[in-house]
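Observations on chain architecture
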Amino acid sequence: MSLRARFMDDLKTAMKAGQSEKVGTIRMITAKLKDVDIAGRAKGEDQVSDEAVISMLRGMIKSRTESASMYTQGGRPELAEKEEAEIAIIRDYLPPDLDDATIEAAVREAIERTDATSMKDMGKVMAALKQQFGAALDPARASAVVRARLSA
């Protein structure tokens, strides 16, 4: 089942169950997806791929994580909890994260494959990882491992 179909099925189920928070979050996801689809039309795509949708979801999580930390620092725990609840719902649509050992091994292999020696080569290593894992790769976690390896 594609992510788009899953969004619609989950939206219907949440509406029937009266889960207003989940309904709101899924509607927010679908609105963002429409924006991404419209931006993709400039590239000649009617609908963006599931990989682009996953990238969009990761971006949504990143922005909500930043917002939650700002709300916590600003003394607004109720707003931070709302952001955390949205993050939990969005995470349900992401593929399972790769474990640390897999990321370490993949980074080591990508560094060898690209002959990376310094931080200047980080882009090549990240491109190789994205090509290998696609949407299953969390770029933030991978870049931290790559940065640690190349700066050592």
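To keep things clear, this report deals only with the structure shown in the data block. (Residues numbered from 1 in each chain as written. Predicted model: local features only at pLDDT ≥ 70, side-chain atom pairs only at ≥ 80, totals over all residues. Heavy atoms only, no water.)

1. So, the overall build of the protein
Check the secondary structure of the protein and you find seven helices and zero strands. In the protein, the succession of helices and strands from N to C terminus is α-α-α-α-α-α-α. If one aligns the C-alpha atoms of the protein with their principal axes, the spans along those axes are about 55 × 45 × 30 Å. Within the span of the protein, comprising 152 residues, buried residues form 36% of the whole. When the accessible surface of the protein is totalled, it reaches about 9,200 Å², and 53% of it is carbon and sulfur. (Helix = DSSP H or I, 4+ residues; strand = E, 2+ residues; numbered from the N terminus. Buried < 20%, exposed > 50% of the residue type's maximum accessible area, 1.4 Å probe, protein only. Areas by Shrake-Rupley, 256 points an atom, 1.4 Å probe, with all protein chains shown as cover.)

2. Observations regarding unusual backbone geometry
Apart from glycine, the bulk of residues carry a negative phi angle, and the bulk of peptide bonds sit in the trans form. Despite not being glycine, Asp-115 shows a phi value in the positive range, around 55°. Taking relative accessible area as the criterion, Asp-115 reaches 60% and is therefore assigned exposed.

3. What to know about the pattern of salt bridges
As enumerated under the stated definition, the model contains nine salt bridges in all. Put simply, Arg-141 and Asp-100 hold a salt bridge, and the shortest N to O gap is 2.6 Å. Taken as a pair, Arg-141 in helix α7 (residues 139-151) and Asp-100 in helix α5 (residues 100-114) lie far apart in primary sequence, 41 residues in all. Overall, the relative accessible area of 25% leaves Arg-141 in the partly exposed class. For Asp-100, a relative accessible area of 56% gives the class exposed. If you follow the salt bridges from partner to partner, you end up with Arg-64, Lys-82 and Glu-86 in one network. (Salt bridge = Lys/Arg side-chain N within 4 Å of Asp/Glu carboxyl O.)

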